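Read off the chains here:
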Number of protein chains: 2
Amino acid sequence: MKKTINTSPLSGFMELKPAEQILFNKIKNTIEDNYKLFGFIPMDNPIIERQEILDAKAGGETEQQIYKFKKGDANLALRFDLTVPLARYVVDKYGELIFPFKGYRIGKVYRGERPQAGRFRELYQADIDIIGDGELSLDFDVEVIAVAIKIFKDLGLKAKIRINNRKIFSGFFKAIEIEKEANDILILIDKWEKIGQEKAEEEIKKLNLGILKEEKIFDFLALKTFDDLEEFWVQNEIFKEGVSELKFVFENLTALGIDEKQYKLDLKIVRGLAYYTGTIYETQLVDYPEIGSVCSGGRYENLASEYINKKLPGVGISIGLTRLFDQLLKKGVLNTGVSTLTKVLILPMTDDFSISFNLANILRDKKIPTEISFMNGKMKKRLNYANKLGIPFVIFIGEEEIKKNVYTIKNMETGQQQEVVLKKLLNVINF
Amino acid sequence: MKKTINTSPLSGFMELKPAEQILFNKIKNTIEDNYKLFGFIPMDNPIIERQEILDAKAGGETEQQIYKFKKGDANLALRFDLTVPLARYVVDKYGELIFPFKGYRIGKVYRGERPQAGRFRELYQADIDIIGDGELSLDFDVEVIAVAIKIFKDLGLKAKIRINNRKIFSGFFKAIEIEKEANDILILIDKWEKIGQEKAEEEIKKLNLGILKEEKIFDFLALKTFDDLEEFWVQNEIFKEGVSELKFVFENLTALGIDEKQYKLDLKIVRGLAYYTGTIYETQLVDYPEIGSVCSGGRYENLASEYINKKLPGVGISIGLTRLFDQLLKKGVLNTGVSTLTKVLILPMTDDFSISFNLANILRDKKIPTEISFMNGKMKKRLNYANKLGIPFVIFIGEEEIKKNVYTIKNMETGQQQEVVLKKLLNVINF
């Protein structure tokens, strides 16, 4: 056996073995099932967009990472997130959508990043968004949190959602009359935990804002609780709006009956520079904080101002599915078990396969994934197929069985073998 | 409302409205569920490949249609089918797969075709393949037919699978000593039905094979039944192998209990020029033959000879999902009904949402997709949301209901409204 060409997938592109893929799909399905349970509608947008559509929305680092190419005269690009296609979709189909529009999207996006551990160039995102036409109730800011909490619970992962509101930053910057340095400060706050308080304070001093403003920033960054916020000296309109929105969200999380351990106020989360204008979220796995945020999002004033002169406010979250799976796999959190979805392997031992075909039809009608062993060769080799894949039951159909109208079923885990009639057979499999 | 940019999807890229997307996903799920029921394992390959991987497999027209581009130094390309990634995958993961390897893939492929009605540049294919290591039982040629028949039955579409075997062509061409013109003749046979017998015969005459060979070709093309095949003057080894394989397939379809109306021998199907070496299939919808083949495939000697010096025979089928859906939609076969998956809209009529949240949790735990109406405004507007989307039930929770610990449920189709306790509520919804 000699390879004549490099057949590994491209670097930064995840390609899973069967046992891993089965697990990945399980997680993907859990997310999708919950999106549906909360009333989100499936969407499926093209992976390729006009370059101008992406360029209007991309900025800075992202812009560099876009896969761009020409086909004929057209300037094309691969989508780098699922928000840009959502914005284009909502504008394009505006007249046909019912608002508030609740859509979910699970699909691949492309980022030509420098390949490194844990970074992918092709990655799944799993997003929900609720878009209003002109206005959108703050209750939806609560609902997306409820969705995220339910998903991580169903996945068996302890998650904690950190919640903040961008209006608090806006109000504060307005009060201390900072405009052009605001982004630099937000970037530092975003890195606060990573680089440590001391280093962050050093960096802020480098901005030369003067000792008065510096002190005010340090005071602001010492805020932790709702009481702190309410007693803070800044109380302009935008700041108060932020605090009141945050309080609304927290009160409703209590009304929803969500365990307080699953969320917390965190005045240091920022969620990037642009885009978000109200509530923002980040989610950490309690047992694996080093993975970073596995589900983030927030509220935005205007989904598609680049495409349309119309106010379309929204709120949404995005789960970075590929990265989450990769990290959980590497940490050994996931048990890659069987390499099959098949429950039953039927093993015909005569040349007449009609009884086997018939049983397979019956089992499949009962939604039991079933294979027939068509392999030639020794019994050991044929059983090995079931063993290696992890198929739990093998059913033997030989002359004896056909004559007596029974089946011999073997539990591959316990090794237990018994001769049963059809009804009993179904009980054994479904037990 | 003024658009500032063209927001329609690219020409040749399908993007569906909610009601359509819901139907599309239903069809996709029916296909996937059946692939699983027959024991196929999920695969998910990258959409981007190294150009050399595709170039090694692509030829002629396909080669022109590939989306190619560079990122950094790498020559990349978008996959144009799901077979090339399968071949690369099987070679790359050869040591970790259990053979016969049964894999399914449902994903997007890219073909930069000239855009025209019914042609797509981004299209879903839904494929299954069984790959053997060195050898592969002919029973699998039967199994893929059984899968296809089950799928179209579940979709409520009358389908007929036409079956042929490439070895019959090979044997015949060998017997009449035709080599270089073989492809031209196959192309003509492929077009036979479209252009008509007369025109096809004219074209064959243009090849200047001499009257003797022409006559033999016309005789060959008059063959229709197994009896014809067995009485034909060509009986070399490869021809006889083809006939015997075909007979095996038909005998087993009978043993499988499949209605004879669902398949037929068709000695004029060809399935392209390269690749297939044994059984070949095409599927037509009985009521819409003009759509052409909606599910095709066949047996190949060697999946990955371009990548590895190793014999990996296989057999598979591919459903052209995007094209199938598009055609059925245009013909009005599909009833685009509701624009939602939601079963229940809870409509709180007090400021305390906790009862509504609690009921939503109960319903979602019972796998009933549920929304809460967070809209402000008049009752009529809020009910309109349910009406327009097609949500079947609305549950009102007002002061009266909270006091009495009941729910008022309205069937949106019949208009019937009743006050019920929780247990009764669940019965009404699930009825």
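Anyway, here's the lowdown on the structure attached to this text.

Basis of the calculations
- Residues numbered from 1 in each chain as written.
- Chains lettered and ligands numbered in written order.
- Predicted model: local features only at pLDDT ≥ 70, side-chain atom pairs only at ≥ 80, totals over all residues.
- Heavy atoms only, no water.
- Pairing = 2+ DSSP bridges.
- Helix = DSSP H or I, 4+ residues; strand = E, 2+ residues; numbered from the N terminus.
- Axes fitted to C-alpha atoms, helices over the stretch in contact; angles between N-to-C directions.
- Contact = heavy atoms within 4.5 Å.
- Buried < 20%, exposed > 50% of the residue type's maximum accessible area, 1.4 Å probe, protein only.
- Buried area = accessible area lost by both parts, 1.4 Å probe.
- Salt bridge = Lys/Arg side-chain N within 4 Å of Asp/Glu carboxyl O.
- Polar contact = N/O pair within 3.5 Å; in protein donor to acceptor, adjacent residues only side chain to side chain.
- Nonpolar A, V, L, I, M, F, W, Y, C, P; charged D, E, K, R; others polar.
- Arc of directions from axis to C-beta.
- Phe/Tyr/Trp six-rings, centres within 6.5 Å; stacked < 30°, edge-to-face > 60°.

All names here are of chain B. Spatial ordering of the open sheet is given by β13-β12-β14-β15-β16, a layout of five strands whose pairing is mixed. The open sheet has two edge strands with one neighbour each: β13 (370–372) and β16 (417–420). When strand polarity is set aside, the average angle formed by the axes of neighbouring strands in this sheet is 25°. Relative to the sheet, helix α13 (residues 354–365) contacts β12 (344–348), β13, β14 (393–397) and β15 (407–411), its axis offset from that of β13 by approximately 170°.

Moving on to the side chain of A:D326. Residues and elements named next belong to chain A. Tracing the backbone through its elements, the reader meets D326 in helix α12 (residues 321–330). Judged by its relative accessible area of 7%, D326 falls in the buried class. Excluding residues that lie within four positions of it along the chain, D326 makes contacts with M14, G118 and F120.

Before going further, it helps to spend a moment on the interface of chain A and chain B. Contacts between the two partners involve 100 residues from chain A, matched on the other side by 100 residues from chain B. When the two sides are added together, the surface that chain A and chain B hide from each other amounts to roughly 9000 Å², 60% of it contributed by carbon and sulfur. The largest per-residue losses of area from chain A upon contact with chain B belong to A:E15, A:L37 and A:F374, which jointly make up 8% of the total buried on that side. Our count for the contact surface shared by chain A and chain B stands at 14 salt bridges. In this structure, the salt-bridge partner of A:E371 is B:K102, at a minimum N-O distance of 3.4 Å. Counting across the chain A and chain B interface gives 34 residue pairs in polar contact (both at pLDDT 80 or more). No other element matches the six residues that helix α1 (residues 18–37) of chain A contributes to the side of chain A that touches chain B. Class assignment of the residues belonging to the side of chain A that touches chain B gives a composition of 50 nonpolar, 20 polar and 30 charged.

Before going further, it helps to spend a moment on helix α9 (residues 211–221) of chain B. Inspection of α9(B) places B:E214, B:I217, B:F218, B:F220 and B:L221 among the buried residues, and these make up the whole buried set. Buried residues along α9(B) cover an arc of 160° about the axis, so they all sit on one side.

This part is about the packing of aromatic side chains. Each aromatic ring pair is described using two quantities: the centre-to-centre distance and the angle formed by the ring planes. The final tally for this structure, using the stated rule, is 47 aromatic pairs over all chains. Here the aromatic rings of A:F232 and A:W233 are separated by 5.9 Å at their centres, their planes lie at 45°, and the arrangement is tilted. By relative accessible area, A:F232 is classed as buried at 9%. A ring pair is formed by B:F353 and B:F357, whose centres lie 6.1 Å apart and whose planes are at 70°; its orientation type is edge-to-face. For B:F357, a relative accessible area of 4% gives the class buried.

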